[in-house]
Structures are given as C-alpha cells and as structure tokens.
Amino acid sequence: MSQDPIRIVTLQAHILAEQARYPEAGGTLSWILSALSISAKIIADKVRRARLENVLGSVGRENVQGEAQQKLDVLANDVLLATLGGREGVAIVASEENEEPVILREEASGERRYCVLFDPLDGSSNLDVCGAVGTIFSILAYDAGVGLARDSLLQPGARQVAAGYVLYGSSTVFVLSIGHGVDLFVLDPSVGAFMRVERNLRIPAGNKVYSVNEGNRRSFPDGYRRYLDWAQNNGYSSRYTGAMVADVHRILLKGGVFLYPPTQKAPEGKLRLMYEANPLAMIIERAGGKALCAPGERLLDIHPKAIHQRTPVILGSAGEVDDVVRLIDGV
Ligand code: AHG
Ligand code: MN
Ligand code: MN
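Residues numbered from 1 in each chain as written. Chains lettered and ligands numbered in written order. Predicted model: local features only at pLDDT ≥ 70, side-chain atom pairs only at ≥ 80, totals over all residues. Heavy atoms only, no water.

### Let's talk about the coordination of the manganese ion (ligand 3)
Argument step 1. The coordination sphere of the manganese ion (ligand 3), as far as protein atoms go, consists of E96 (OE), D119 (OD) and L121 (O), spread over 2.1 to 2.2 Å.
Argument step 2. Site description for the manganese ion (ligand 3): donor spacing in sequence, E-x22-D-x1-L.
Argument step 3. Separating the manganese ion (ligand 3) from the manganese ion (ligand 2) is a gap of 3.7 Å, which D119 spans by donating to each of them. Linking E96 in the loop between β3 (90–95) and β4 (102–103) with D119 in strand β5 (residues 114–122), this pair joins segments that are 23 residues apart in sequence. (Donors = N, O, S within 2.8 Å, 3.2 Å for Na, K, Ca; no water. Helix = DSSP H or I, 4+ residues; strand = E, 2+ residues; numbered from the N terminus.)

See below:
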C-alpha cells in the first residue's frame, strides 16, 4: 500500500502556490512577501543578538507617536525599508517609525504595484527584559490614478491584499493571510527557512481569558468596566504581555479576547489602525473570530483619514467578543 510522503512546504513554496490562485497579483506580490520573509530572518537575528551587540535601550528620541524609540525599532525599520525598497512592485511604504510615508515609485506601470505598511517592532519596550516582540504588516493595492500618491494608502482594512505578522518569541513564527485562510510558519534556524506547520488556522470559539492593560481600568468607559466585573465573576483569567502581536497570537491559538479600550489619556484608543489593528483584525476574522472598534462597528470597515490614526480594539474568539459587546451594551 502506498503512503503519502510527508510534505515539507517552505514559506517561499507556499507563496508561489498561492500566487497561482491570484493571477492578477503576478509574481509581484510574491516578491514583496519574500522581502518580508528575509526581513523577518534578519530582524530575528538582531533581536536574538541584541544584548551581545549592545543595541538594547532607547536612541534618546521619540517617534511620531511621541513614544521613546528603541535602537532596535530603528534597526528593524531600516531592514524593512532596505529589503522592500529594492522591490519594483512596491510603490509606497509607511511605517510606525516614519512620520511621512516613503514614496518609492508613484508612476503607473504595466505590473500591479502595492503599498506596504508596517510596525517594524511591536512591543519594543519588552526588549530589555527578553520578552516577545513582533513585526506587523499590511499590504494594499496601489492606485496610480488617485490624486496624491499617499492617498492610495487610505483604504479600509477589508481591502488588504495580504496581512500578517512575525513573532520573535521562543521560536520565530510567521503568520500570513493572502486572500483567504490563515497559515502558520516556523523559522527553522538550522535551515534558515520558514516551514509551514499549520494550514487554515481556526481560532477556538471561546476561552475564558481576557487580555487588557487593567492598570487603565479606572479610565475605561463604563461598559468595559462592566465586562471586567462580569468576567471576574465568571472565572476568567487574565494574560497581557504588553506586545499586541504576542497577545493576539496566543488568542489566535488558544482563544479569548484582546481589548484596548479608549482611555482618558488616549480617547481614540492607543493602537494604530493601519499597521497594528487592521492586519491583526484580518488574521482573526479569517480564522473565524471577530474584530470590532466598538459594539456593532467592524474594525476592517473603518475608512482611515490619516496613516497614524488610532482606534480602540476588541478582537478574538467570536463568542468572547459577543460577550464583551453584550456587557458594553448593558444587556
Ligand atoms: P509599539 O511597541 O509598537 O509602540 O506597540 C506597543 C503597543 C502594543 O503592542 C501593546 O499592546 C500596547 O502598545 C501596550 O500598551 P500599554 O503599555 O498602554 O498597555
Ligand atoms: Mn506596536
Ligand atoms: Mn513598534
């Protein structure tokens, strides 16, 4: 009797196979994803060697968000700009660390071009204590026909052509969605390639875990406080690392809900819509979960007005998000 051989599928092979399903993307999108995969390997290496090479700590200035920039924020940003900058298919890149988007190629071309948005290092305040950090990315189609090139960036998250993240944790994982499901890859450091370990990931429908910075509780709107009271009366546990990418990855695999509500200090929420919330919302939705910015308001439907716009976030297992909404609505 013949047996199916065990298949080894690298991220590269996966992307090429997926590309065949989206002929309009040509090889251009694959080249961009391959630049992201190379960046991820370089950044993973820098994160692992940070203490040895004395690149921990802050650079002594703030980014456009008014947050202290870590040396590795800058290094990771430079790596992404250097790898993506060389790809013909990239029209614009926009980063948490750059106030203005970088317009690389704004003229129309025969091949489709794309905008790539990213948070080069998410959770970078975890670096000094060897905590998990990540890279989050979002890819949108570029339209050379719009007035100003940068206006091409201002599309709702639902239009993302591809989205994903890299988590530099106890292993380095790459989570990607191109057009449909969500797939998970792990970096095999001895081979230097991301290997596919799971196809079409599905988020568990429920799990009694919430992830929120409870230190801000007093300044949350009433509805969120009501939810936390309800959750605590119902045997919930709390998990929060301070890196959204790590918290959302745990929720994707184990279920639960991630919240970043509006606070007095950040009435619009703290998280950035276009390169933090949108890509993670797409991953969660495509895995069968829900992602909202407020009860009844889908995060991916927000029409952005600015690249660094912020949004409140409620995302996770469908049943858990429903409970949050029910308690916020007071029913
Ligand atoms: P970044 O390191 O890219 O600035 O992002 C940090 C974000 C997010 O990852 C995390 O969930 C959140 O900030 C933590 O904020 P608090 O410290 O306010 O909880
Ligand atoms: Mn971030
Ligand atoms: Mn960051």
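### Topic: the coordination of the manganese ion (ligand 2)
Argument step 1. Around the manganese ion (ligand 2), the protein contributes the donor atoms D119 (OD), D122 (OD) and E276 (OE), at 1.8 to 2.1 Å from the metal centre.
Argument step 2. When the donors of the manganese ion (ligand 2) are listed by position in the chain, the intervening gaps give D-x2-D-x153-E.

### Some points on the domain arrangement of the chain
Interface size is commonly expressed as the accessible area that is lost once the parts come together.
Argument step 1. We note that the domain assignment places domain 1 (11–198) and domain 2 (209–328) within the chain.
Argument step 2. Relative to domain 2, the C-alpha centre of domain 1 lies at a distance of 22 Å.
Argument step 3. Every contact between the two is made by 45 residues of domain 1 and, on the other side, 31 residues of domain 2.
Argument step 4. When domain 1 packs against domain 2, close to 2800 Å² is buried across both sides, 64% of that on carbon and sulfur atoms. (Domains from an automatic or database assignment. Contact = heavy atoms within 4.5 Å. Buried area = accessible area lost by both parts, 1.4 Å probe.)

### A closer look at the site of ligand 1
Argument step 1. Around ligand 1, the surrounding shell holds 17 residues, and the nearest of these are D122, G123, N213, Y240 and Y260.
Argument step 2. At a separation of 3.2 Å, an oxygen atom of ligand 1 approaches a polar side-chain atom of E96.
Argument step 3. Between an oxygen atom of ligand 1 and a side-chain N or O atom of Y260, the distance comes to 2.5 Å.
Argument step 4. Protein contacts shield 84% of the accessible area of ligand 1, which totals 470 Å² for the unbound molecule.
Argument step 5. Using a 2 Å cut-off from the grid points, one finds that ligand 1 occupies the largest pocket.
Argument step 6. Breaking the shell around ligand 1 down by element, the ones donating at least two residues are β5 and β14 (271–272).
Argument step 7. Sort the elements by how many residues they give to the shell around ligand 1 and β5 lands first, with three residues.
Argument step 8. Looking at the shell around ligand 1 residue by residue, the classes come out as six nonpolar, four polar and seven charged. (Near = heavy atom within 4 Å. Polar contact = N/O pair within 3.5 Å; in protein donor to acceptor, adjacent residues only side chain to side chain. Areas by Shrake-Rupley, 256 points an atom, 1.4 Å probe, with all protein chains shown as cover. 1 Å grid on protein atoms, 1.4 Å probe; cavity = no way out; pocket = protein on both sides within 12 Å on 5 of 7 lines; lining within 4 Å. Sits in = over half its atoms within 2 Å of the grid points. Nonpolar A, V, L, I, M, F, W, Y, C, P; charged D, E, K, R; others polar.)

### So, the layout of surface pockets
Argument step 1. Of the voids in this model, the largest pocket is the one considered here, and its volume is about 450 Å³.
Argument step 2. The set of elements that each furnish at least two residues to the lining of the largest pocket consists of β2 (68–70), β5, α5 (244–254), β13 (257–260) and β14.
Argument step 3. Here the element with the most residues in the lining of the largest pocket is β5; it accounts for three residues.
Argument step 4. Here the lining of the largest pocket gathers at least three residues from each of two domains, domain 1 (11–198) and domain 2 (209–328).
Argument step 5. Approximately 240 Å³ is the volume found for the second largest pocket.
Argument step 6. The class makeup of the residues in the lining of the second largest pocket is eight nonpolar, three polar and three charged. (Points joined across faces, edges and corners; volume = space filled by probe spheres on them.)

### What to know about the sheet that holds strand β16 (residues 297–298)
Argument step 1. Taken together, the six strands give an open sheet; going across it, the order is β12-β11-β13-β18-β15-β16, and neighbouring strands pair in mixed fashion. Looking along the sheet, the strands with just one partner apiece sit at the ends: β12 (237–238) and β16.
Argument step 2. Pairing geometry for strand β15 (residues 290–294) and β16, over two bridges, is antiparallel. Counted as the bridge partner of L292 is R298 from β16.
Argument step 3. Across the sheet, helix α4 (residues 222–233) touches β11 (209–211), β13 and β18 (313–316), and the angle it forms with β11 is around 145°.
Argument step 4. Where α5 meets the sheet, its contacts fall on β11, β13 and β18, and the angle it forms with β13 comes to roughly 155°. (Pairing = 2+ DSSP bridges. Axes fitted to C-alpha atoms, helices over the stretch in contact; angles between N-to-C directions.)

### Comments concerning the side chain of S124
Argument step 1. With respect to the helices, strands and loops of the structure, S124 is situated in the loop between β5 and β6 (133–141).
Argument step 2. S124 gets classed as buried once you look at its relative accessible area, which sits at 12%.
Argument step 3. Residue contacts for S124: discarding those within four places in its chain leaves Q70, D73 and V133. (Buried < 20%, exposed > 50% of the residue type's maximum accessible area, 1.4 Å probe, protein only.)

### Points about α5
Argument step 1. Of all the eleven residues making up α5, eight are buried; the element is thus mostly covered by neighbouring parts of the structure.
Argument step 2. Looking at α5, one finds that the buried residues are M244, V245, A246, D247, V248, H249, I251 and L252.

### Regarding the sheet that holds strand β10 (residues 193–198)
Argument step 1. Here we have eight strands laid out as an open sheet, ordered β4-β3-β5-β6-β7-β8-β9-β10, and mixed in their pairing. A single partner strand is all that each edge strand has here, and the edge strands are β4 and β10.
Argument step 2. Pairing analysis gives seven bridges linking β6 to strand β7 (residues 162–168), with the strands arranged antiparallel. Within β7, the position partnered with T135 by the bridge is V166.
Argument step 3. Helix α3 (residues 71–85) contacts β3, β4, β5 and β6 of the sheet and is inclined by roughly 155° relative to β5.

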